[in-house]
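# Architecture at a glance
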Amino acid sequence: MTGSLLDVHDLSVSFDTYEGRHDVLDGVDLTVNEGETVALVGETGCGKSVTARSIMGTLPRPPGDITSGEIRYDGADLLADEAAHERVKGDEMSMIFQDPMTYLSPVYPVGSMMADVATYSGGRDASWWEILKNLLGHRADREAIRERSVELLDRMRIPDPEGTLDRYPVELSGGMRQRVIIAMALINEPDFLIADEPTTALDVTVQNQILDLLRERVEERDLSMLYITHNLGVAREIADRICIMYAGEIVEVGRTEDIFDAPLHPYTRGLLESIPKLTGFEGTGIDGQIPDYTDPPSGCRFHPRCPAAMEGTCDVEPVEEYAVGDDRTVACHLYEDGMDFEDAAAIAADEATYRGEDAQPAEAGVGGER
Amino acid sequence: MSDTEPTVDDSTDSALARRIDDLNRIVYRFRQNPMSVVGLAIILSFVLIAVFAPWIAPYPSDAGHGGEPAVHFDQKFESPSADHLFGTDQAGRDIFSRVLFGTRLSLKIGVVVLAAAVSIGVPVGLVAGYVGGGVGMTLMRITDVFLSVPPLVLALSVSVALDSSLTNAMLAIAAVWWPWYARLTFGEVLSVKKETYVEASRGIGATSFRTIFRDILPNVLAPITVKMSLDMGYAILVAAALGFLGLGAQPPTPEWGTMVSQGRDYLPGQWWYSTFPGLAIFLIVLGFNFLGDGLRDMFDVEVQ
Amino acid sequence: MGYRDYLIKRGLSTIPMFLGLSVLIFTLARVIPGRPARLALGPRATDEAVQQLRRQMGLNDPIWQQYVEYMAGLLQGDLGQSLISERNVATDLVEYFPATFELTTLAMLIAIFVGVPLGVVAGQHKDKWPDNASRLFSFFNVSLPPFWAGILLQLLVAFQLGWLPSTGRIGDVSPMPVETTGVLLVDSLLAANGAAFVSAAQHLILPAITLSLAPMADIARMTRSSFIEEYDKDYVEGLRTHGIPNRLIAYKYVLRKSFASTLTIIGLDYGFLLGSAFVVEIVFSWPGMASYGVEAILQKDMNAMVGVTLVVGASFLLVNFVVDVLYGFFDPRVWHEGESE
């Protein structure tokens, strides 16, 4: 055991729509070790949520289709063993969602939904009789569940946790709902948590509170977490390691401080530069948009937007992930497999890498698109 | 995965090309729904039967073609045979011929009732929606009151003051049916009014009359067409119910509901007498329901 | 706004509807070509007799005065004299209403308890064979003329198979149940009269099934579409993520929310069902209010018909009020309005 809890290997997912087949994920590799928080960072539409849904087994199939790869959780192959997946879901893995407004059932008090998560998660079956009893409000160990819920809400610093259990979601603010959702995700004491942009839909002031609360809970329980965000700043605050995703591919992986100190992939550099800084430095950002998944660019999927794209290489040869030093991989033709970190950093830091090709990216862009 | 059909907003550029494009898409969507094709086939068959009844029917005079329905008491209550496909009734008349001729009446009822309902309801809805204010409120309150009684029951209470005849039955049904179109039109007008282009056409000084006819009416056409085809079956059903209760067409008119009612006196022995006219009602109503459902998919509109 | 305020608001709003309804029915019955006295007495009656009856019925007074007098009577339970029974229409209605109530209620219950699961199954198997079958079944049901469906059931189940009686409300049982509520099933239960209960139930089955067909189809289709819409919601994904069993998600969460939409259709369908009751009662010789109403129409008994229509309209309003009450229970957001965001 290397201590890895979740291991996603070569995951490819496609969606069939009337426009054709969208190859949304293209060979994603992702590892989360025990007790570690990994941030999955990328633009909206790059495939982060599809990755999360594949892991949680809620990918709508059809139209979604997992074409290759495996997802291992604690040794169990979740894609091959459906029963294991059901068992692990909710019991050992849990998930927090982006929009707290829509992820709670509007027609039940929040306590009812929490109690169901506590009682039924993990792929248990429910008989008609049980459902009838449930609808009439009977449930075994009702008091114990209620006690646990109250305690969790309290730990999420929800005022009047007892009363909150009996309230309907419409009666709660967005921040409160998100706290409830986090509490719900923790009720079965999972070992692994996926958080899908849990702060994006909230007010800025509330965002930090939620993030802090989440971090506290994770540290307190020594949870492993996959934190999905489009915001590198948030990732820096919460993550031990960062995976950068672009157009359905993981382009760079490294320890948080390493990524920030020396971003290797041109896309990562672009993302970092686009973070507004206090010094007044104007971020340059990245031109262009995420490509069309029905017909992704040849070679490296990023090359049409890449300031360092090399014509004849980047638009032709598919990239692989190259290990660069310890704990660092990057999928970019600028680097070679096994290159040492110092050399790589030197290439990345050299303005010439980008400026020198200044004339080329335009051509590469045109060539790549035509 | 939401469908990306163009909405009414972008209706200005290259109108003709888009119209043709829309038409293709509409026809495609219609054909995608196999039931609507079946429905269309059923309705077309009934229309053909109605038109050519005198030539198709083996005994047109039994159905009153060219005079009062004939009687042949020597042939009464013959069970279905090659000679009389649906058997004969208490006066020896060929039920098959009478059912074929009944198609004419049913289609006529459906068309007349809905034409009347639309020509009352649509103007009321247009005025209420376009003028708004107190007038609109009052009109819609009246409409609501009409809608608070089941149509058949209201039609019955109208017919208490009238003699029982087919014309009066149609009158009674139309009198209770228009509010549905008033409400539908009213709702559509309100939503169309919100669209900016009506605002725009007001801005450049178009009269309200022109606004109604150029901008609003075309937009309410689709939901009304769909509702009409869905209602056609139901109107025929209500008229048949009135006939069945003895409040519509009077025997020996070959009206389906009346025939079912007559046949009821001879159950279970002469089962064919009620069965076949009823089957005809069922088929024509089914046809209109299939068709209406297809049209609803095709125009992508919601109607109640 | 609390649930109680919501109920009071909804309840109060039915009063003007009822008043409007009474004006409408009254006007329709008295104004449209309007020769009720002549129609009632038939073509051979003398003009004198017609005038006499007009005076007696107050038909020479201005219409508004007739209306006010009628409504004043209504408040005291007086709906005017029936020409056929020569009793007060209110007395007649009290006698006939329970039979119709029994029939329509059972029909609606059948429609709901078959229609809703049918819709859920169709929604769970969207575009697969159970969905298509249920769709076809629904189309057939709404297209069946209720009187013809009744006749077919009589032919098959009553005459051919002989399983159930073809007409009437109760067979030859002794002792007959004592009338307390007028609803035979309830009366015979109260009296612990097993034979009467069985007989009443046997007579009730065929007409109730006949009546239930069309609303059943509507309910199934409405449930299906609202179920599909609801199943797409984020919170369902949330529940699935937590590994909650599908059956619990479907029947506890999704159905409750989508049942709110189904409820509105049920209210609407109840009106159509009351309409169909007029023909179905005739087919099965069911001694209810609708049979009474049809007789009233044929005999041009205006007071009786106005009374019947008012009761039908009022029942419809009442049912829709109940629907609103239940709607508030199934989807609490309607009375939480204004508190969110």
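Please refer to the structure placed before this passage.
First, a word on what this report is: a plain description of the structure on this page.

Cut-offs applied
- Every chain's residues receive numbers from 1 upward, in the order its sequence appears when written.
- Labels are handed out in written order, letters beginning with A for the chains and numbers beginning with 1 for the ligands.
- At least 70 in pLDDT is required for a residue's local features to be given in this predicted model, at least 80 for side-chain atom pairs to be given and counted, and no such filter applies to totals for whole chains, interfaces and linings, which use all residues.
- The side-chain values count all of the structure's non-hydrogen atoms but skip hydrogen atoms and water molecules.
- Strands are treated as partners if at least two bridges between them are detected by DSSP.
- Only DSSP runs of H or I reaching four residues or more are called helices, and only runs of E reaching two or more are called strands; each is numbered from the N terminus.
- Any two residues having at least one pair of non-hydrogen atoms within 4.5 Å are treated as being in contact.
- In this analysis, axes come from line fits to C-alpha atoms, helices being fitted only over the stretch in contact, and the angle between any two N-to-C directions falls in the range 0 to 180 degrees.
- In this analysis, rings of Phe, Tyr and Trp, with Trp reduced to its six-membered ring, are considered paired at centre separations within 6.5 Å, and the interplanar angle assigns stacked below 30 degrees, edge-to-face beyond 60, and tilted for intermediate values.
- Three exposure classes are used, based on accessible area relative to the maximum for each residue type with a 1.4 Å probe and protein chains only: buried under 20%, partly exposed in between, and exposed over 50%.
- Charge-over-ring contacts are defined here by two conditions on Lys NZ or Arg CZ: a distance within 6 Å of the ring centre and an angle within 35 degrees of the ring normal.
- Only buried residues count toward a nonpolar core. Its members are Ala, Val, Leu, Ile, Met, Phe, Trp, Tyr and Cys residues joined through side-chain atoms within 4.5 Å.
- Each domain's extent is set by a domain assignment, obtained either automatically or from a database.
- Two parts placed together each lose some accessible area under a 1.4 Å probe, and adding up what both lose gives the buried area.
- Counted as salt bridges are all cases of a side-chain nitrogen of Lys or Arg within 4 Å of a carboxyl oxygen of Asp or Glu.
- The nonpolar class holds Ala, Val, Leu, Ile, Met, Phe, Trp, Tyr, Cys and Pro. Asp, Glu, Lys and Arg form the charged class, and all remaining residues, Gly among them, are polar.

## Side note on the sheet that holds strand S1 (residues 4-17) of chain A
Residues and elements named next belong to chain A. Read across the sheet, four strands follow the order S2-S1-S4-S5 without closing on themselves; strand pairing throughout is antiparallel. Since the sheet does not close on itself, it has two edges, and those belong to strand S2 (20-33) and strand S5 (76-77), each with one partner. Where S1 meets strand S4 (residues 64-73), eight bridges bridge the pair, whose relative direction is antiparallel. In the strand pairing of S4, Val13 is matched with Ile66. Lying on the sheet, helix H1 (residues 48-56) is in contact with S1, S2 and S4; it crosses S1 at an angle near 110°.

## A few points about the packing of aromatic side chains
Under the counting rule described, the total for this entry stands at 25 aromatic pairs over all chains. Aromatic side chains Tyr266 of chain B and Tyr273 of chain B sit 6.0 Å apart centroid to centroid with 10° between the ring planes, which places their arrangement in the stacked category. The class for Tyr266 of chain B is partly exposed, based on a relative accessible area of 26%. One aromatic cluster is present, formed by Phe86, Phe96, Trp271, Trp272 and Phe276 of chain B through successive ring pairs. In this structure, Arg236 of chain A is placed above the aromatic ring of Phe260 of chain A, and the distance from its NZ or CZ to the ring centre is 4.1 Å. Above the plane of the ring of Tyr181 of chain B lies Lys227 of chain B, whose end atom (NZ or CZ) is 5.7 Å from the centre.

## Comments concerning the sheet that holds strand S3 (residues 37-41) of chain A
Residue and element names in this part refer to chain A. The mixed open sheet is built from eight strands, whose spatial order is S6-S7-S8-S3-S9-S10-S12-S11. Among the strands making up the open sheet, the edge pair consists of strand S6 (93-96) and strand S11 (322-323). Strand direction decides the pairing type here: strand S10 (residues 249-255) and strand S12 (residues 329-330), joined by two bridges, are antiparallel. Paired with Val253 across the strands is Thr329, a residue of S12. On top of the sheet, helix H7 (residues 174-186) reaches S6 and strand S7 (192-196); it is set at about 175° to S6, its chief contact. Across the sheet, helix H11 (residues 266-273) touches S3, strand S9 (241-246) and S10, and the angle it forms with S9 is around 105°.

## Notes on the pairing of S6 of chain A
Residues and elements named next belong to chain A. Residues of S6 alternate between two faces, with Met93 and Met95 on one and Ser94 and Ile96 on the opposite face, all of them buried. With four bridges joining them, S6 and S7 adopt parallel strand pairing. Bridge assignment links Met95 to a residue of S7, and that residue is Ile194.

## Points about H1 of chain A
Residues and elements named next belong to chain A. Here H1 lies mainly inside the structure; eight of its nine residues are buried. Every buried residue of H1 is accounted for by Lys48, Val50, Thr51, Ala52, Arg53, Ser54, Ile55 and Met56. Looking at the residues trailing H1, positive phi occurs at Gly57, about 70°.

## Considerations on the environment of Leu248 of chain C
Mapped onto the elements of the fold, Leu248 of chain C is located in helix H11 (residues 246-283). Classification of Leu248 of chain C by relative accessible area gives buried; the value is 0%. Taking the C-alpha atoms as reference, Leu248 of chain C lies 26 Å from Ser138 of chain C; in sequence the two are 110 residues apart. Among all residues touching Leu248 of chain C, those that are not within four sequence positions of it are Asp116, Tyr120, Ile131 and Asn134 of chain A together with Tyr253 of chain C.

## Re the nonpolar core
Ranked by internal contacts, the top residues of the largest apolar core, which has 293 residues, are Phe192 and Ile242 of chain A together with Phe147 of chain C. The element contributing the most residues to this core is H11 of chain C, with 20 residues. Of the residues that make up this core, three or more belong to each of domain 1 (103-189) and domain 2 (258-355) of chain A. With near-sequence residues (within four places) excluded, Ile242 of chain A lies in contact with Ala39, Val41, Leu232, Ala235, Glu252, Val253, Gly254, Thr256, Ile259 and Phe260 of chain A.

## Some points on the interface of chain C and chain A
At the interface, 26 residues of chain C touch 40 residues of chain A. Approximately 3,000 Å² of surface area, both sides summed, lies buried where chain C meets chain A, with 65% of it carried by carbon and sulfur atoms. The largest contributions to the chain C side of the interface with chain A come from His242, Arg247 and Lys252 of chain C, which together make up 23% of the buried area. At the junction of chain C with chain A, the criterion picks out two salt bridges.

## Side note on the interface of chain B and chain C
Contact with chain B, which involves 50 residues of that partner, is made by 47 residues of chain C. Of the roughly 4,300 Å² buried between chain B and chain C on both sides combined, carbon and sulfur atoms contribute 80%. Contact with chain C buries surface across chain B, with Val160, Leu245 and Phe282 of chain B losing the most and accounting together for 14% of the total. The residue Arg135 of chain C makes a salt bridge to Asp293 of chain B at a minimum N-O spacing of 3.0 Å. Sorting the residues of the side of chain B that touches chain C by element identifies helix H4 (133-147), helix H5 (151-159), helix H8 (208-244), helix H9 (256-264) and helix H10 (271-299) of chain B as the ones contributing at least two each. For the side of chain B that touches chain C, the leading source of residues is H10 of chain B, giving 13 residues. A breakdown of the residues in the side of chain B that touches chain C according to their chemical character gives 33 nonpolar, 12 polar and five charged.

## Description of the environment of Val127 of chain B
All names here are of chain B. Position of Val127 relative to the elements: it lies in helix H3 (residues 95-131). Its relative accessible area of 37% is what places Val127 among the partly exposed residues. In sequence terms Val127 and Thr185 are 58 residues apart; their C-alpha atoms lie 9.5 Å from each other. Residue contacts for Val127: discarding those within four places in its chain leaves Gly132 and Leu139.

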